[in-house]
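The lines below spell out each chain.
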Amino acid sequence: MAIQFHSEAIVLKNMDYQEADKLVSVFSAVRGKIQVVARGVKKPGSSLRALVQPFCHVQLYLVKGRSMAVVTQGRMIDFYGNIRQDLFTAMQAVYMMELLDKALMDEVPLPKLFYSTHQVLRAMNEGCVTPLLLRYFEVRLLVELGYTPVLDRCVNCGSKEIGAGLFKLAAGGLLCPQCARQENGLIAVRPDSLALLRLLTNASAHVIDRIHSNPASLNQLEWFLEQYLEYYLERRFTMKHTIRWLKKKLPVNG
Ligand SMILES: [Zn+2]
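Residues numbered from 1 in each chain as written. Predicted model: local features only at pLDDT ≥ 70, side-chain atom pairs only at ≥ 80, totals over all residues. Heavy atoms only, no water.

**A closer look at the overall build of the protein**
Rules: Numbering goes from the N terminus for both helices and strands, where a helix is a DSSP run of H or I of at least four residues and a strand is a run of E of at least two. Here the term buried applies to any residue with accessible area under 20% of the maximum for its type, exposed to any over 50%, and partly exposed to those in between, with areas from a 1.4 Å probe on protein chains only. Any pair of residues with heavy atoms lying within 4.5 Å of one another is described as a contacting pair. Surface exposure here means Shrake-Rupley accessible area, sampled with a 1.4 Å probe, where a residue is shielded only by the protein chains that are shown.
From N to C terminus, the protein includes eight helices and eight strands. If one aligns the C-alpha atoms of the protein with their principal axes, the spans along those axes are about 65 × 45 × 30 Å. Counting all 254 residues of the protein, 49% fall into the buried class. Considering only intrachain contacts with a sequence separation of at least 6, the fraction spanning at least 24 residues in the protein is 59%. Accessible surface for the protein amounts to roughly 12800 Å². Of this, 52% is attributable to carbon and sulfur atoms.

So this is what it looks like as structure tokens:
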């Protein structure tokens with residue numbers, strides 16, 4: 001029997017699928033990540049055409065039979081037009097979508113992460129396009145997937161002596177000097193980067209533009225989060241490399 005349901009959703013990506021149709025990966029508020037079929041969407045004049053663009057915030061009405069859910073109707077909640085006006089900002093939003101698409105399991109609802117994603121996109125659309133906002137998003141993703149880094153004690157023995165900032169990726173936390181002695185390949189995280197990471201773990205999106213940071217701590221945090229995300233998600237985030245390439249090519253936004 002077919003089930004009908006509806007949900008707010010953020011479009012992660014769309015792929016060609018049968019003649020006039022597209023297969024769309026969405027992060028829905030109600031069911032988490034799902035794949036849906038948008039029929040006839042490649043035909044000119046299709047009412048769904050605009051709704052399947054990456055990082056659109058939409059309301060979808062769906063019907064699910066034995067196979068994939070099919071979109072029966074949809075409504076745009078936010079197209080995030082300002083983000084789309086700037087190539088670099090749009091690439092960052094697409095990078096976020098790629099992270100979600102690769103990291104989320106199908107049909108696991110994550111309402112808090114859905115809300116954070118929405119908040120970050122809205123902030124970007126309102127002109128807050130800072131590296132810290134992207135880092136905030138990456139940290140939210142890690143926290144909501146259960147990979148919150150342990151930063152207040154030694155992840156191995158619980159000691160509070162963690163001043164050296166030695167981080168063990170495989171354990172997901174800092175080590176005390178005693179435990180660190182038996183380990184190789186630890187990451188030494190700068191104290192100011194650690195302070196930022198602690199802040200981002202607990203902050204909400206609307207305070208991000210009030211957090212002060214220096215370029216060196218931000219750069220290390222970016223690098224650190226990339227290692228951490230790659231370790232836990234075991235994939236390469238191709239958009240990230242594309243963004244780096246773009247940063248070199250474009251004389252905008254640093
Ligand atoms: Zn220890």
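Okay, back to it.
**Details of the pattern of salt bridges**
For clarity, the cut-off: A carboxyl oxygen of Asp or Glu within 4 Å of a side-chain nitrogen of Lys or Arg is what we treat as a salt bridge.
Within the structure shown, the criterion is met by 12 salt bridges. We note a salt bridge from Glu 222 to Arg 135, for which the minimum N-O separation is 3.9 Å. Note that Glu 222 is positioned in helix α7 (residues 215–233) and Arg 135 in helix α4 (residues 131–144), a separation of 87 residues in sequence. The exposure class assigned to Glu 222 is buried, which follows from its relative accessible area of 17%. Look at Arg 135 and you get buried, because its relative accessible area is 3%.

**Side note on the nonpolar core**
Generally speaking, nonpolar side chains in soluble globular proteins are found buried as a group. Defined as follows: In this text, buried Ala, Val, Leu, Ile, Met, Phe, Trp, Tyr and Cys residues form a nonpolar core when linked through side-chain atoms within 4.5 Å. What fixes the domain bounds is an automatic or database domain assignment.
Ranked by internal contacts, the top residues of the largest apolar core, which has 65 residues, are Leu 100, Leu 121, Leu 141 and Phe 167. For this core, the element with the highest residue contribution is helix α2 (residues 87–103), accounting for 10 residues. There are two domains that each give this core at least three residues, and those are domain 1 (3–78) and domain 2 (81–149 + 168–249). Those residues in contact with Leu 100 that lie beyond four places of it in its chain are Leu 12, Phe 27, Lys 33, Leu 113, Thr 117, Phe 137 and Leu 141. Within the second largest apolar cluster, 18 residues are counted, among which are Phe 5, Val 36, Leu 60 and Val 71.

**With respect to the coordination of the zinc ion**
The cut-off we apply is this: For Na, K and Ca the donor cut-off is 3.2 Å, and for all other metals it is 2.8 Å, counting N, O and S atoms only; because water is absent from this set, sites may look incomplete. Each label reflects the angles at the metal, where four donors whose angles all fall between 85 and 135 degrees are tetrahedral, four or six donors whose opposite pairs open beyond 155 degrees and whose other angles stay between 65 and 115 are square planar or octahedral respectively, and the rest are irregular.
Coordination sphere of the zinc ion, protein contribution only: Cys 154 (SG), Cys 157 (SG), Cys 176 (SG) and Cys 179 (SG), at 2.3 Å. In this structure, the zinc ion is coordinated by four donor atoms arranged in tetrahedral fashion, with angles at the metal of 103 to 116°. In the primary structure, the donors to the zinc ion are separated according to the pattern C-x2-C-x18-C-x2-C. Linking Cys 157 in the loop between α4 and β6 (166–168) with Cys 176 in the loop between β7 (173–175) and α5 (177–180), this pair joins segments that are 19 residues apart in sequence. Judged by its relative accessible area of 1%, Cys 176 falls in the buried class.

**Some thoughts on the domain arrangement of the protein**
One frequently used descriptor of interface size is the decrease in accessible area upon assembly of the parts. Just so we agree on the cut-off: Summed over both partners, buried area is the accessible surface (1.4 Å probe) that two parts give up on being assembled.
The domain boundaries assigned to the protein delineate domain 1 (3–78) and domain 2 (81–149 + 168–249). Between domain 1 and domain 2, the C-alpha centre-to-centre distance is 27 Å. Contacts between the two partners involve 23 residues from domain 1, matched on the other side by 21 residues from domain 2. Across the domain 1 to domain 2 interface the summed buried area is about 1800 Å²; carbon plus sulfur atoms make up 65%.

**Some remarks on the sheet that holds β7**
Put simply, the rule is: Each pair of strands is called paired provided DSSP finds at least two bridges between the two strands.
Ordered by their spatial adjacency, three strands build an open sheet running β7-β6-β8, and the pairing between neighbours is antiparallel. Because the sheet does not close on itself, it has two edges, and the strands there are β7 and β8 (187–188). As judged from the three bridges shared by β6 and β7, these two strands associate in the antiparallel manner. Each residue of the ladder has a partner; that of Leu 166, found in β7, is Leu 175.

**Examining the sheet that holds strand β3 (residues 32–38)**
Applicable threshold: Note on method: axes are straight lines fitted to C-alpha atoms, helices fitted across the in-contact stretch only, with angles between N-to-C directions ranging 0 to 180 degrees.
Reading around the circumference, β1-β2-β3-β5-β4 is the order of the five strands in this closed barrel, with mixed pairing throughout. Pairwise comparison of adjacent strand axes, ignoring direction, gives a mean angle of 50° for this sheet. Along the sheet face, α2 touches β1 (3–17), β2 (21–28) and β3 and points at about 110° away from the line of β1.

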